[in-house]
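Remarks on the overall topology
Listed here are the chains, written in short residue letters.
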Amino acid sequence: GFIYNRDKEDVPRDEFGQIGEIRPYETQPLYLTCALMVGVHFASKALAKRLVARLVGAPDGLESILKASLVPLGLTFCALFTRVSKPFA
């Protein structure tokens, strides 16, 4: 949601603060967001495998812990520094 909705105007709300309009999704930002999420997942998985392979006698769950830590970190950087609604502007 943070990556897809960045740099878009807020939706109008009613007097109770509820969203008053449902907008259709835009295909290009949606596909770019999905591609970023899949790319971050696979990059985190590969990095975790490489880091664990270098360690001798690493615990069994270390790869899962590293992957679970690297995925949110990558998505945070994508949400902070990526604009999918206007990628070429």
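Relevant structure appears above.
Right, let's walk through the structure included here. Every chain's residues receive numbers from 1 upward, in the order its sequence appears when written. Totals for whole chains, interfaces and linings use all residues, but because this is a predicted model, local features are given only for residues with pLDDT of at least 70 and pairs of side-chain atoms are given and counted only at 80 or more. The basis for the side-chain values is all heavy atoms of the structure; hydrogens and waters are excluded.

1. Here's the deal with helix H2 (residues 62-81)
Helix and strand definitions follow DSSP, with helices as H or I runs of at least four residues and strands as E runs of at least two, each counted in order from the N terminus. One less than the residue count of a helix, multiplied by 1.5 Å, gives the span that helix is expected to have. Relative to the 28 Å expected for 20 residues at 1.5 Å per residue, H2 spans 29 Å between its end C-alpha atoms, a close match to the ideal helical length. Only protein chains enter the accessibility calculation, which uses a 1.4 Å probe; a residue is then buried when its area is under 20% of its type maximum, exposed when over 50%, and partly exposed in between. Of the positions making up H2, those classed as buried are Leu70, Gly74 and Cys78. The buried residues of H2 occupy an angular sector of 75° when projected down its axis, which confines them to one face. Set apart from the buried face of H2 by more than 90 degrees, the exposed residues are Ile65 and Ala68. Packed against the buried residues of H2 are helix H1 (27-54). The directions considered for the arc run from the helix axis to the C-beta atoms. Working rule for contacts: check all heavy atoms of both residues, and any pair within 4.5 Å makes them a contact.

2. Details of a nonpolar patch on the surface
Together, Leu73, Phe77, Leu80 and Phe81 make up an exposed nonpolar region whose accessible area comes to about 450 Å². With respect to the helices and strands, leucine 73 occurs in helix H2. Note on patches: the residues involved have over 30% relative accessible area and no salt bridge, like charges join within 9 Å, and the nonpolar side chains Val, Leu, Ile, Met, Phe, Trp and Tyr join within 5 Å. Each accessible area value is a Shrake-Rupley result obtained with a 1.4 Å probe; residue values ignore everything except the protein chains displayed when judging cover. We count a salt bridge whenever a side-chain nitrogen from Lys or Arg sits within 4 Å of a carboxyl oxygen from Asp or Glu.

3. With respect to the environment of cysteine 78
Relative to the helices and strands, cysteine 78 is located in helix H2. Cysteine 78 gets classed as buried once you look at its relative accessible area, which sits at 10%. Along the backbone, cysteine 78 and isoleucine 3 are 75 residues apart, and their C-alpha atoms lie at a distance of 7.0 Å. With sequence-adjacent residues up to four places away left out, cysteine 78 is seen in contact with Ile3, Leu36 and Val40.

4. Overview of the packing of H1 against H2
With their axes 8 Å apart at the nearest point, H1 and H2 run at an angle of 140° to one another. Judged by the sense of rotation from one axis to the other, the crossing of H1 with H2 is right-handed. Residue-level contacts link Leu36, Met37, Val40, His41, Ser44, Lys45, Leu47, Ala48, Lys49, Leu51 and Val52 of H1 to Leu62, Glu63, Leu66, Lys67, Leu70, Val71, Gly74, Leu75 and Cys78 of H2. Each residue is assigned to one class: nonpolar for Ala, Val, Leu, Ile, Met, Phe, Trp, Tyr, Cys and Pro, charged for Asp, Glu, Lys and Arg, and polar for all the others, Gly among them. Taken together, the residues of the contact of H1 with H2 break down into 13 nonpolar, 3 polar and 4 charged. Geometry is summarised by axes, namely lines fitted to C-alpha atoms with helices restricted to the contacting stretch, and by angles between N-to-C directions that run from 0 to 180 degrees. Should the near helix be turned anticlockwise from the far one by less than a right angle, the crossing is left-handed, and should it be turned clockwise, the crossing is right-handed.

5. Quick notes on the pattern of salt bridges
As enumerated under the stated definition, the model contains 1 salt bridge in all. The partner of glutamate 63 in a salt bridge is lysine 49, and the shortest N-O contact between them spans 3.5 Å. You can see glutamate 63 sitting in helix H2 and its partner lysine 49 sitting in helix H1, a full 14 residues away along the chain. Given a relative accessible area of 27%, glutamate 63 falls into the partly exposed group. Taking relative accessible area as the criterion, lysine 49 reaches 45% and is therefore assigned partly exposed.

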